[in-house]
Amino acid sequence: MNPELQTVVDRLELVERQHRTWKTLALFALLLALVAITLPLLKPALPAPTPSVAKFSVVEANRFLLRDMSGQVAGGMEARADGSLRLVLGGRSTSSAHLVVSRSGPPQLTLRSPEGHVQLGLSGSDKPSVWLSPDGQYAQVSLGLAESGSGEVTLRDAVGRPRFHAP
């Protein structure tokens, strides 16, 4: 083989090697493109991001607790085993309001001082009544219905002795 022919053969081998490299690179790019196209089809769709405030049509529980910004219990709502329902707004160290709806008795609403003394009470029985007490011991003022269905008003002094009663 003469040197000129050898040069042509060497150049041809170089072109074939470069062609093989480009051919391999093109095949690799084609495979990568196929994977990129089929991967989303095979992978299940990601769930939509949940909003920061969830909206539900029904929430069920026997008890809900309300907490203040420091994490302390500030109230709650519960259904008790005897069938009564309670709603409490306020904590043990603050003034609070208590609403109790019993299955067997009348509904009651009480307002309590931070010391736990009941200062106002409402009873929703057949003979509804309202009473006020500054210390939680004696009802200073009470309004209610008597057995006859007529209204009653009672005023008491600081010791609890009746000072006024009508009728």
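Before reading on, note that the structure itself is shown above.
Because the structure is a prediction, the values reported are computed rather than measured.

A. Geometry of the overall build of the chain. Each helix and strand counted, the chain has 1 helix and 10 strands in total. Counting helices and strands in the order they occur from the N terminus, the chain gives α-β-β-β-β-β-β-β-β-β-β. Taken over the C-alpha trace, the chain has a radius of gyration of 42 Å; the compact-globule value for 167 residues is 15 Å, which it surpasses by more than 25%. Looking at the chain as a whole, 12% of its 167 residues are labelled buried. Taking the intrachain contacts of the chain between residues at least 6 apart in sequence as the baseline, contacts between residues at least 24 apart amount to 0%.

B. Structural context of unusual backbone geometry. In this model, A166 is joined to P167 through a cis peptide bond whose omega is 0°. Examined against the element boundaries, P167 turns out to sit in the segment after β10 (162–166).

C. Quick look at the sheet that holds strand β9 (residues 151–156). Sheet architecture is open: 10 strands sit in the order β1-β2-β3-β4-β5-β6-β7-β8-β9-β10, paired in antiparallel fashion. Of all strands in the sheet, those bounded by a partner on one side alone are β1 (63–67) and β10. For this sheet, the mean inter-axis angle between neighbouring strands, taken without regard to orientation, is 10°. Note: strand β3 (residues 85–89) against strand β4 (residues 96–101), 5 bridges, orientation antiparallel.

D. Expanded view of a nonpolar patch on the surface. Taken together, F56, V59, F64, L66, M77, L85, L87, L89, L99 and V101 make up a surface patch of nonpolar side chains, about 890 Å² in accessible area. Counting residues per element, the ones that place at least two in the nonpolar patch are β1, β3 and β4. The element that contributes the greatest number of residues to the nonpolar patch is β3, accounting for 3 residues. Within the secondary structure, L87 is located in strand β3.

E. Structural detail: the pairing of strand β7 (residues 129–132). By the bridge criterion, 4 bridges tie strand β6 (residues 118–123) to β7 in an arrangement that is antiparallel. By the bridge assignment for β7, G121 is matched with W131. From the end of β6 to the start of β7, which pair antiparallel, there are 5 residues. With 4 bridges connecting them, β7 and strand β8 (residues 141–145) associate as antiparallel partners.

F. Quick peek at the side chain of S84. In this fold, S84 is placed in the loop between β2 (73–79) and β3. Its relative accessible area of 6% is what places S84 among the buried residues. For S84, the side chain forms a polar contact with the side chain of D82, separated by 2.8 Å. Residues contacting S84, with those up to four places away along its chain left out, are E78, A79, V101, S102 and R103.

G. Quick peek at the layout of surface pockets. The calculated volume of the largest pocket comes to roughly 380 Å³. Those elements giving two or more residues to the lining of the largest pocket turn out to be β1, β2 and β3. Per element, the largest residue contribution to the lining of the largest pocket is 6 residues, and it comes from β2. In terms of residue class, the lining of the largest pocket is built from 6 nonpolar, 7 polar and 5 charged.

H. Quick peek at the pattern of salt bridges. Summed over the entire model, instances satisfying the criterion amount to 4 salt bridges. Ionic pairing is found between R80 and E78, a salt bridge with its closest N-O pair at 3.8 Å. Take E78: its relative accessible area is 24%, and that puts it in the partly exposed class. The network of salt bridges with shared partners includes R63, E78 and R80.

Basis of the calculations
Residues numbered from 1 in each chain as written. Predicted model: local features only at pLDDT ≥ 70, side-chain atom pairs only at ≥ 80, totals over all residues. Heavy atoms only, no water. Helix = DSSP H or I, 4+ residues; strand = E, 2+ residues; numbered from the N terminus. Rg over C-alpha atoms; globule rule 2.2 N^0.38 Å. Buried < 20%, exposed > 50% of the residue type's maximum accessible area, 1.4 Å probe, protein only. Contact = heavy atoms within 4.5 Å. Pairing = 2+ DSSP bridges. Axes fitted to C-alpha atoms, helices over the stretch in contact; angles between N-to-C directions. Patch = residues over 30% accessible without salt bridge, like charges linked within 9 Å, V, L, I, M, F, W, Y side chains within 5 Å. Areas by Shrake-Rupley, 256 points an atom, 1.4 Å probe, with all protein chains shown as cover. Salt bridge = Lys/Arg side-chain N within 4 Å of Asp/Glu carboxyl O. Polar contact = N/O pair within 3.5 Å; in protein donor to acceptor, adjacent residues only side chain to side chain. 1 Å grid on protein atoms, 1.4 Å probe; cavity = no way out; pocket = protein on both sides within 12 Å on 5 of 7 lines; lining within 4 Å. Points joined across faces, edges and corners; volume = space filled by probe spheres on them. Nonpolar A, V, L, I, M, F, W, Y, C, P; charged D, E, K, R; others polar.

Function cannot be inferred from these measures alone, as they are strictly geometric.
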